[in-house]
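Chain by chain, the residues run as shown.
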Amino acid sequence: MQNITTKLKKLFYLWRRTQVPKKQPVEISKIDNLIVFLICILISIISSYKILLISPLNLSDIFSWLLTFTEALISSGILILISKKENPTITSRQIILIITLLLTVQALKLAWGSTISPLSIIIPPALIISQGMGSITALAWVSIASLIWPDPVIAINNNLFFILLVCASVVSILGGRIRSRAQLLQLSIFVPIGALLSQWILIGKNNISILDNQEFVFGSVKIFSDSLLLALVMLFTILFIPIFESIFGLLTKARLLELADKEKPLIRRLSLEAPGTFEHTLLICGLAEEATRMIGGDIDLIKTGALYHDVGKLHAPNWFIENQDGSKNPHDEIDDPFKSAEVLQAHVDEGLKYARKNRLPKPIANFIPEHQGTLKMGYFFQKAKEKNLNINERDFRYRGPIPQSKETAILMLADGCEAALRAMNINASDNEAFETISKIIHSRQKDGQLASSELSLGEIYLIKRAFLGVWKRIRHRRIQYPTSKNNTFS
Ligand SMILES: [Fe+2]
Ligand SMILES: [Fe+2]
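Undergrad: I would appreciate a short explanation of empty space enclosed by the protein in the present structure.
TA: Gaps left between atoms are located by rolling a probe of water-molecule size over the structure's atoms. Tallied over the entire structure, the rule returns one cavity of 30 Å³ or more. Approximately 30 Å³ is the volume found for the largest cavity. Looking at the largest cavity, the residues that line it are Ile-43, Ser-47, Ala-72, Ser-76, Leu-102, Gln-106, Ile-144, Ala-145 and Ile-148. Elements with a contribution of two residues or more to the lining of the largest cavity: helix 2 (30–52), helix 3 (59–86), helix 4 (92–112) and helix 6 (135–147). When its residues are assigned to classes, the lining of the largest cavity shows six nonpolar, three polar and no charged.

Undergrad: Could you clarify how one ought to interpret helix 6 in this entry?
TA: A turn of α-helix holds 3.6 residues, and therefore any two residues three or four places apart point the same way. Its 13 residues place the ends of helix 6 18 Å apart at the C-alpha level, agreeing with the 18 Å of an ideal helix rising 1.5 Å per residue. All buried positions along helix 6 are accounted for by Ser-135, Thr-137, Ala-138, Ala-140, Trp-141, Val-142, Ile-144, Ala-145 and Ser-146. The inward-facing, buried residues of helix 6 abut helix 3, helix 4, helix 5 (118–133) and helix 7 (158–175).

Undergrad: Which parts of the structure should I look at to understand the coordination of the iron ion (ligand 1)?
TA: Around the iron ion (ligand 1), the protein contributes the donor atoms Asp-310 (OD), His-347 (NE2), His-371 (NE2) and Gln-372 (OE1), which lie 2.1 to 2.3 Å from the metal centre. Classification of the site at the iron ion (ligand 1) rests on its four donor atoms, whose angles at the metal span 85 to 174°, yielding the label irregular. In terms of primary sequence, the donors binding the iron ion (ligand 1) are separated according to D-x36-H-x23-H-Q. In this model, the iron ion (ligand 1) sits 3.6 Å from the iron ion (ligand 2), the two metals being bridged by Asp-310. By the burial criterion, His-371 is buried, and Gln-372 matches it.

Undergrad: It is not clear to me how unusual backbone geometry should be interpreted in this structure. Could you clarify?
TA: Note on backbone geometry: most residues besides glycine have negative phi, and most peptide bonds are trans. For the bond running from Gly-400 to Pro-401, omega is 5°, close enough to zero to count as cis. The phi torsion at Arg-359 lies on the positive side, around 50°, for a residue other than glycine. Positionally, Arg-359 belongs in the loop between helix 15 (337–357) and helix 16 (362–365). We classify Arg-359 as exposed; its relative accessible area is 58%.

The rules behind each value
Residues numbered from 1 in each chain as written. Chains lettered and ligands numbered in written order. Predicted model: local features only at pLDDT ≥ 70, side-chain atom pairs only at ≥ 80, totals over all residues. Heavy atoms only, no water. 1 Å grid on protein atoms, 1.4 Å probe; cavity = no way out; pocket = protein on both sides within 12 Å on 5 of 7 lines; lining within 4 Å. Points joined across faces, edges and corners; volume = space filled by probe spheres on them. Helix = DSSP H or I, 4+ residues; strand = E, 2+ residues; numbered from the N terminus. Nonpolar A, V, L, I, M, F, W, Y, C, P; charged D, E, K, R; others polar. Expected span 1.5 Å × (residues − 1). Buried < 20%, exposed > 50% of the residue type's maximum accessible area, 1.4 Å probe, protein only. Contact = heavy atoms within 4.5 Å. Donors = N, O, S within 2.8 Å, 3.2 Å for Na, K, Ca; no water. Tetrahedral: all angles 85-135°; square planar, octahedral: opposite > 155°, others 65-115°.

Structure follows, in structure tokens:
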């Protein structure tokens, strides 16, 4: 009986560990909350006040006003919740951006009414949101912006509404995936062309009499000018996206890829001044990328984050083993484990300084402290112990925080496995390599480093398999091909 209870307890423990822990949302200050709430109230007022202007006002009008007001308020709330769900690290500035765009669109609809095409008002902001906050947030934003019309008198053509929804959804979905500014430009040309053709087919033929030459010309000109306006507004939006990126701290795919360019001054410095660290970084990029692909995380984010994770070592490259090409180890010279631990911690602190100086976005800068978490600097801790110094374990641990996302946790694991995999014997079996990887990952798990990362046990297993795959690739590269005298140059 006791045996069964122990087994049940163990099973329950394992089940709980496989459950993804709920992530704490980013704290938003009271003032920011108040600003967000006031903007939501403004959206609701703008979206509903026109109903109250109908005279004579009866009870059903007041009821309809109340309904529209509440609908707008709840929709704004749902939009904020969706954006928080899609981006757990969303900042208050970004939430303010999303709802301010909604407020602007409602105000524009009210000011211009039916004189301007709703396509030009709704699609460009959808592009900004999909680029900065992802497709799901953009789709939620589009559905609210398309459904709530502040002026009940304006009846939007059903076909135009359909075209608006399709075009805005295409922009929202593709905008979240687009990886370069060139693709954005293509989108800003093809979407207006698509809108032009679909408007001409669905609206033009119904409403414009082809027999009446004058009406045909005016109708066609209106459709053409609306589509041209959409193209122009989209092009302007693309021009302004970098400004939105820096003001609101948006991290678009295009920005991530720009930052991952190895010609960026900071990365170039790393390759010249700390070549060992640069090599270590490149191998980690490979490990982390493969593992992230396995579990379905953000590959572009981790590749860029991995590239910058150790830039702090630029402050003193020769204090790190990978950059010591057989020369004297400064740690041996000072022979002070406390000072050595400070130098190690400094690669995190200095890294954050470099990140600030180079205006790295927060999600990238997060890789710098989180890849070390609160890990123990085992070697120097042991040395201090041997010297019988009065030690506190906390002095030999990085100051953290521990990884807060799957991506930073993968980087921590890749960072831990890199040196061990590089040093492994070329003749080691897959099982031996897998065991080494498992040991390193298990020690970090046991140390509580993965507690806030949302990685499940299944995902950790997939990460181990991915690391093994990369190691097999490295081993394959290290095996020299036999060359005969005749085919040396073939
Ligand atoms: Fe590091
Ligand atoms: Fe590292």
